[in-house]
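A structural walkthrough
Chain residues, written in single-letter form:
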Amino acid sequence: MKHIFLTGAIQCGKSILIQSIFHNGAGRLVPAGGFLTYFTSRDAQKTLYLGNAVIYASLLKTIVPPALSPLTLHHTLQSANLSPCVAAEFDGITRPKIHLDAFDQYGCTCIEDGLARAHILSRDPSICPILVLDECGYLESNAAAFQQTVLRTLDTPIPILGVVRQMTAPCWLDAIRNHPDTVLISVTEENRDALVSELTSHFLSCL
C-alpha cells in the first residue's frame, strides 16, 4: 500500500479533498488518527492549531465538506476532550512564534495513538484504517522528535493520507517526498473533484 501525500498551492483544497475522500468511502475508510492543522484568526493575529485527526471519524458522519470550517473543528475538538494545541502564532509583522512542544509532544502522541488504533481497527477486514498527517511543513524544521515519528510512520503498513507543504528549498520534507512508499500528488482546483474517487479507490484496494 502506497502512502498518499497531497501538495499544491495554498488554499487549493487539499484538506477539503481529504474530508471528501473519507465521505466517499464512508463506512469503509476510517480515519484512525494522526493530526490535522487549522488556523483561527482575530484582527491581525492568526493562530495555528494542531488537533487530533481521530475527530474526523465522528465529524464526517454529519458534516459535508466544505462545511467543516476551522471554527467548527476547534469547538468540536474542545467538546470531545481532544483539546487542540497551539502550534504557532502569527502577528503579520515578526516571524511566527513556533511552539515546538506542540509538535514534539502532542503531535507525536496523535501519530502514535493513531497507529495503535489503526492496528486494532485493521482486524476488521471490511474497513481500511488510515492515518492522517495534515499538514507537514516548514514550521517543524526544528522539531526533531516530530520529524522522526513521521518518518518512522512511513515504514509501517498502515496507509497514510497526508499533506506536504509545497517548498523548493531543501528541507526535512524531502525525506517524505523521496520515500519509496510515498506517492506525491499535486492538487489543483481543476483536478480536485476527480481525485476524490481516484484516491478513494486507491485506499479501498487494500481491502
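Structure shown above.
Throughout what follows, the structure given in this document is the object of discussion. Starting from 1, residues in each chain are numbered consecutively following that chain's sequence as written. Reporting of local features is limited, given that this is a predicted model, to residues whose pLDDT is at least 70; pairs of side-chain atoms are given and counted only at 80 or more, and all residues count toward the totals for whole chains, interfaces and linings. Computation of side-chain values covers all heavy atoms of the structure but excludes hydrogens and water.

Remarks on the overall build of the chain
Secondary structure elements are taken from DSSP: a helix is a run of H or I of four residues or more, a strand is a run of E of two residues or more, and numbering for both begins at the N terminus. A count of helical and extended segments in the chain gives 7 helices and 8 strands. Rg of the C-alpha trace for the chain: 16 Å, near the compact-globule value of 17 Å for 207 residues, within the 12% margin. For the chain, the spread of C-alpha atoms along the three principal axes comes to 50 × 35 × 35 Å. A simple rule labels every residue: compare its accessible area, found with a 1.4 Å probe on the protein chains alone, to the largest value its type can have, and call it buried under 20%, exposed over 50%, or partly exposed in between. Burial status across the chain gives 48% buried among its 207 residues. Counting only contacts in the chain whose residues sit at least 6 apart along the sequence, the fraction spanning at least 24 positions is 73%. Accessible surface for the chain amounts to roughly 10,000 Å². Of this, 52% is attributable to carbon and sulfur atoms. Radius of gyration here uses only the C-alpha atoms, and the compact-globule reference equals 2.2 Å multiplied by the residue count raised to the power 0.38. Contacts between residues were defined by any pair of non-hydrogen atoms, one from each residue, lying within 4.5 Å. Note on areas: these come from Shrake-Rupley sampling with a 1.4 Å probe, and a residue is covered only by the protein chains present in the view.

So, the packing of helix 4 (residues 100-121) against helix 5 (residues 144-153)
All axes are obtained by fitting lines to C-alpha atoms, using only the stretch in contact for helices, and the reported angles, taken between N-to-C directions, cover 0 to 180 degrees. Contact pair helix 4 / helix 5: the axes reach a minimum separation of 8 Å and the direction vectors enclose 20 degrees. Here helix 4 lies roughly parallel to helix 5, going by the angle between them. Remark: the crossing between helix 4 and helix 5 carries left-handed chirality. For the pair helix 4 and helix 5, the contacting residues are Phe103, Asp104, Gly107, Cys108, Ile111, Glu112 and Leu115 in the first and Ala144, Ala145, Phe146, Thr149, Val150, Arg152 and Thr153 in the second. An angle below 35 degrees is read as roughly parallel, one above 145 as roughly antiparallel, one from 65 to 115 as roughly perpendicular, and any other as oblique. For any helix crossing, the convention is left-handed if the near helix is rotated counterclockwise from the far helix by under a right angle, and right-handed if that rotation is clockwise.

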